[in-house]
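Spelled out, the chains give:
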Amino acid sequence: MHIRNLTQKFDIAYVVKNEWHLPVHKHTHYELQYIMRGKGQHMINDRSYGYEKGDLFVLAPHDTHFFIFEEKCAICIIKFHEAFFQDLLLDADFKQVFIRLSSPHRKMDLPGSRQQIIRLMDLIIAEHRKETGYQNIIIKNALALVLSLIAKGADQNTVKPKDDKIQAILNYIDQHITNKQLLSLQNMADTFRISKTYFNQYFSKATGTSYKKYVQEYALKLIAHQLIHRDKTLSQLADEFGYTDESHLSNAFKAHFRQTPSAFKKANQQR
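The present account deals with the structure reproduced in this document.

Criteria and cut-off values
Residues numbered from 1 in each chain as written. Predicted model: local features only at pLDDT ≥ 70, side-chain atom pairs only at ≥ 80, totals over all residues. Heavy atoms only, no water. Helix = DSSP H or I, 4+ residues; strand = E, 2+ residues; numbered from the N terminus. Rg over C-alpha atoms; globule rule 2.2 N^0.38 Å. Buried < 20%, exposed > 50% of the residue type's maximum accessible area, 1.4 Å probe, protein only. Contact = heavy atoms within 4.5 Å. Pairing = 2+ DSSP bridges. Axes fitted to C-alpha atoms, helices over the stretch in contact; angles between N-to-C directions. Phe/Tyr/Trp six-rings, centres within 6.5 Å; stacked < 30°, edge-to-face > 60°. Salt bridge = Lys/Arg side-chain N within 4 Å of Asp/Glu carboxyl O. Patch = residues over 30% accessible without salt bridge, like charges linked within 9 Å, V, L, I, M, F, W, Y side chains within 5 Å. Areas by Shrake-Rupley, 256 points an atom, 1.4 Å probe, with all protein chains shown as cover. Core = buried A, V, L, I, M, F, W, Y, C linked by side-chain atoms within 4.5 Å.

Observations concerning the overall build of the protein chain
Then step 1. The number of helices and strands found in the protein chain is 10 helices and nine strands.
Then step 2. Whereas a compact globule of 271 residues would reach a radius of gyration of roughly 18 Å, the protein chain reaches 20 Å, a difference of no more than 12%.
Then step 3. With respect to the principal axes defined by its C-alpha atoms, the protein chain has extents near 65 × 45 × 25 Å.
Then step 4. Considering the protein chain as a whole, with its 271 residues, one finds that 44% of them fall into the buried category.
Then step 5. Long-range contacts, defined here as pairs at least 24 residues apart, represent 67% of the contacts in the protein chain between residues at least 6 apart.

Below you can see the structure in the form of structure tokens.
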């Protein structure tokens, strides 16, 4: 596994490319990854997250990740060690912020704080691009506010009872993604005691996408991930994920990622 180190306490970098340029890797530091432009998929710790402009990801040390660009993307990457906030960490409340950053949730879902965070991220980027006497103070305190809002959101966004069923459904899909029989619409309806005619309507309302599309795209994202660093052949993956043959998988893959599996693997493997 490729490991990227940060030798200083803090750094900001920008990626503006048509395709992600690094292999699957992990860091020894924290990262905030702010999507300034573009869309695609972000694979973090073997899970896939869709992203678009304005989205924010938090990676803790030793998380593994890579991006799949669906179009040209611009990403601001803020890298830091906990020691960057040494003075602020004297505050017991701020210490809790870093505990929240180690939660399993990597894509920030903060409807109540989204606009505040976007404004703060834009401030950090603007200050980083110019030299002022107060640049470092402004950046550190703006970043501390971003992390505090993220921690606040993590506390507020614990799973609510009304979310239990859809979360159970998503967990079931994740556990049985290679078994098409268990993921049939009839079996899902029976398992979760929802009528077959209502199931897709319920799923679409809860997730924003149809059940069939969600399962197909989730399987393809896992296949893409395994192509990169599980060293499996396309034939093996087609058999594992229930495709009729290698050709059917290749066609589905190309339709979703706009690249053949071989071209995708070549573009994303370690150079």
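Digging into unusual backbone geometry
For residues that are not glycine, phi is negative in most cases, and the peptide bond is trans in most cases.
Then step 1. Positive phi, normally seen in glycine, also occurs at arginine 193, with a value near 55°.
Then step 2. Within the secondary structure, arginine 193 is located in the loop between helix 5 (185–191) and helix 6 (196–207).
Then step 3. Even without being a glycine, arginine 258 presents a positive backbone phi close to 60°.
Then step 4. You can see arginine 258 is positioned in the loop between helix 9 (246–257) and helix 10 (261–268).
Then step 5. Look at arginine 258 and you get exposed, because its relative accessible area is 65%.

Considering the sheet that holds strand 3 (residues 25–27)
Whenever strands of a sheet pair, they do so through backbone hydrogen bonds, lying parallel or antiparallel.
Then step 1. Reading across the sheet, the five strands line up as 1-3-8-5-6 and stay open at both edges, with mixed pairing between neighbours. Taken across any chain shown, the strands that pair with only one partner, and hence form the sheet edges, are strand 1 (2–4) and strand 6 (47–51). Each adjacent strand pair in this sheet contributes to an overall mean axis angle of 30°, direction not counted.
Then step 2. Judged from the five bridges that link them, strand 5 (residues 40–44) and strand 6 form a sheet pairing that is antiparallel. Counted as the bridge partner of isoleucine 44 is arginine 47 from strand 6.

Observations concerning the environment of aspartate 93
Then step 1. Structurally, aspartate 93 is set in helix 1 (residues 92–100).
Then step 2. The spacing of aspartate 93 and tyrosine 134 is 41 residues in sequence and 25 Å in space, taken between C-alpha atoms.

Here we look at the sheet that holds strand 2 (residues 10–17)
Then step 1. Taken in spatial order, the four strands line up as 2-9-4-7 in an open sheet, and their pairing is antiparallel. The open sheet has two edge strands, strand 2 and strand 7 (56–59), and neither has a second partner. If you compare each strand with its neighbour and ignore which way they point, the axes differ by 15° on average.
Then step 2. In this structure, strand 4 (residues 30–37) lies alongside strand 9 (residues 73–80), joined through seven bridges in antiparallel fashion. Paired with isoleucine 35 across the strands is isoleucine 75, a residue of strand 9.

Things to note about the packing of aromatic side chains
Then step 1. Applying the stated rule across the entire model yields 21 aromatic pairs.
Then step 2. Aromatic side chains tyrosine 30 and phenylalanine 80 sit 5.5 Å apart centroid to centroid with 10° between the ring planes, which places their arrangement in the stacked category. Of this pair, tyrosine 30 sits in strand 4 while phenylalanine 80 sits in strand 9, and the two are 50 residues apart along the sequence. For the pair tyrosine 30 and phenylalanine 80, one class covers both residues: buried.
Then step 3. Pairing phenylalanine 84 with phenylalanine 85 gives two aromatic rings, centres 5.0 Å apart and planes at 75°, and the pair type is edge-to-face.
Then step 4. According to the relative accessible area criterion, phenylalanine 85 is buried, its value standing at 0%.

A word on the side chain of lysine 221
Then step 1. Within the fold, lysine 221 resides in helix 7 (residues 211–229).
Then step 2. Not counting residues within four places of it along the chain, the set of residues in contact with lysine 221 comprises Gln41, Met43, Ser48, His256 and Phe257.

Looking at the pattern of salt bridges
Close approach of charged atoms allows side chains with opposite charge to pair.
Then step 1. Within the structure shown, the criterion is met by five salt bridges.
Then step 2. The partner of aspartate 55 in a salt bridge is lysine 107, with the nearest N and O atoms 3.5 Å apart. Linking aspartate 55 in the loop between strand 6 and strand 7 with lysine 107 in the loop between helix 1 and helix 2 (114–128), this pair joins segments that are 52 residues apart in sequence.

Points about a nonpolar patch on the surface
Then step 1. A cluster of nonpolar side chains, Leu123, Tyr134, Ile137 and Ile138, forms an exposed patch at the surface whose accessible area comes to about 390 Å².
Then step 2. As for its position among the elements, leucine 123 is in helix 2.
Then step 3. Judged by relative accessible area, which is 34%, leucine 123 ranks as partly exposed.

So, the nonpolar core
Then step 1. In this structure, Ile169, Ile173, Ile177 and Met188 are the most contacted members of the largest nonpolar core, which totals 49 residues.
Then step 2. Ranked by residues supplied to this core, first place goes to helix 7 with 10 residues.
Then step 3. If sequence neighbours within four positions are ignored, isoleucine 177 has contacts with Leu183, Val215, Tyr218, Ala219, Leu222 and Phe241.
Then step 4. Formed by 34 residues, the second largest nonpolar core is a distinct cluster that contains Tyr30, Leu101, Ile118 and Leu120.

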